[in-house]
Amino acid sequence: MPTLSDERGTLDVAIVSYRCKERLHDCLASLERHPPSAVAMTVRVVDNGSGDGTLDMLAREFPDVSVIANADNRGFAAASNQAITAGRAPVVLVINPDTCLEAGTIDTLLAVMDAEPRVGIAGPALLTEDGSPDHAAARSFPTPLSSLGHFTGLGRRPRAPDALRSYARDPAAAGPVDAVNGAFMLIRRAALDQVGDFDEGYWMYMEDLDLCWRFGEAGWLTWYEPSVSAFHLKGGSAGPVRSLRLDYAFHYGMYRFYRRHYAPSRNPLLNVVVFAGILTHLGISVARTGLVRTFSPQDDGGREGKEAEITGQG
């Protein structure tokens, strides 16, 4: 494999869109403003049957972008894999349509990969719309206790035990982390060839954590680099209220991740408690969503695209 910063190298960019035409336009415009300086860039958009004029917008305003048009919504993992496997570049940038690049971000992360061949995935700091840090940009793998701390808010209290607050990582500290956010993942193709692409058993949510887990199991590092950043509009792709399908996908993702990576080595009784907790949280979430829709009616256009809170734990 050539050096990643080699002038002959290329970068594949994979974006999945679903009914987020304006956000996708802004994302692509930011890629045009801040391309990598030392490698050529090929951008592929997989549209999951948006039917909202996205394809016309792409043809009119971004004719150099390669487009894969699905007839229906295949979900994030499967659609991302379509874009990944369509390219051959030594590095792939998987980026959400509600994420916008800042100057130098790609170049810096490519340099990180050049300097450390064990880095399989790299991600930058993520900033919300008001410029504040998105703490989901660098994460530890969730545990039952850290998930409890997150969902109850106990983990965000100043004197919370480490076990309840271990999900979040220091947003200012560069270096290896358990996982970065699927809103922006720079991925080494050689690692994908060894480990595999996104697990399509996750229709939405947790597929980024799962990929980072599998990379770590295979000896690859996931690197967080806060010296550069990207803007991530949380909720920008699917709206502020999840549909029932998204709610189910999020909780199924939690169940699948735990079942695949934790349950085999845990006490069966603990597993039953965890699975019951996930089911209970799904019921609470569905009920809360119903109340929000009842008292704050909105037309979300049936949005089922990649919500900005990638794992629902942002």
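This text goes with the structure placed above it.
Residues numbered from 1 in each chain as written. Predicted model: local features only at pLDDT ≥ 70, side-chain atom pairs only at ≥ 80, totals over all residues. Heavy atoms only, no water.

A.B. asks: So what exactly am I meant to see when it comes to the pattern of salt bridges here?
C.D. replies: As a working rule, side chains carrying opposite charge can pair if their charged atoms are close by. Applying the stated criterion across every chain, the model contains 8 salt bridges. Arg44 is the partner of Asp12 in a salt bridge, and the nearest nitrogen-oxygen pair spans 3.1 Å. Here Asp12 is found in strand 1 (residues 10-17), whereas its partner Arg44 is found in strand 2 (residues 40-48), with 32 residues between them in sequence. The class of Asp12 is buried, set by a relative accessible area of 5%. Residues participating in the shared-partner salt-bridge network are Asp12, Arg44 and Arg189. (Salt bridge = Lys/Arg side-chain N within 4 Å of Asp/Glu carboxyl O. Helix = DSSP H or I, 4+ residues; strand = E, 2+ residues; numbered from the N terminus. Buried < 20%, exposed > 50% of the residue type's maximum accessible area, 1.4 Å probe, protein only.)

A.B. asks: What should I look at first to understand unusual backbone geometry in this one?
C.D. replies: In this model, Arg19 sits at a positive phi of 50°, which is unusual for a non-glycine residue. Positionally, Arg19 belongs in the loop between strand 1 and helix 1 (21-33).

A.B. asks: Whenever I open this one, the side chain of Thr128 confuses me. Can you help?
C.D. replies: Mapped onto the fold, Thr128 is located in the loop between strand 6 (119-127) and strand 7 (138-139). Among the polar contacts listed, one links the side chain of Thr128 to the side chain of Asp130, at a separation of 2.7 Å. (Polar contact = N/O pair within 3.5 Å; in protein donor to acceptor, adjacent residues only side chain to side chain.)

A.B. asks: Can you help me understand the side chain of Asn73 in this one?
C.D. replies: In this structure, Asn73 sits in the loop between strand 3 (66-70) and helix 3 (76-86). Since its relative accessible area comes to 11%, Asn73 is described here as buried. Among the polar contacts listed, one links the side chain of Asn73 to the side chain of Asn48, at a separation of 3.1 Å. Looking at Asn73, its side chain comes within polar contact range of the main-chain nitrogen of Gly75, at 3.0 Å.

A.B. asks: Help me out: how do you make sense of the packing of aromatic side chains in this one?
C.D. replies: Each pair of aromatic rings is reported with the distance of its centres and the angle of its planes. Across all of its chains, the model carries 12 aromatic pairs by this definition. When the centroid spacing of 4.9 Å and the interplanar angle of 55° are considered together, the rings of Phe141 and Trp213 count as tilted. Taken as a pair, Phe141 in the loop between strand 7 and helix 5 (144-152) and Trp213 in helix 8 (residues 207-217) lie far apart in primary sequence, 72 residues in all. Ring centres of Tyr205 and Phe250 lie 5.5 Å apart, and the angle between their planes is 75°; this geometry places the pair in the edge-to-face category. Residue Tyr205 is found in the loop between helix 7 (189-195) and helix 8, and its partner Phe250 is found in helix 9 (residues 244-261); the two are separated by 45 residues along the sequence. (Phe/Tyr/Trp six-rings, centres within 6.5 Å; stacked < 30°, edge-to-face > 60°.)

A.B. asks: When you look at the state of the cysteines in this model, what are you seeing that I'm missing?
C.D. replies: Formally, a disulfide is one covalent bond, and it connects the sulfur atom of one cysteine to the sulfur atom of another. Scanning the entire structure with this criterion turns up 0 disulfides. With no disulfide of its own, Cys27 has Cys100 as its nearest cysteine by sulfur position, at a separation of 6.0 Å. (Disulfide = S-S within 2.5 Å.)

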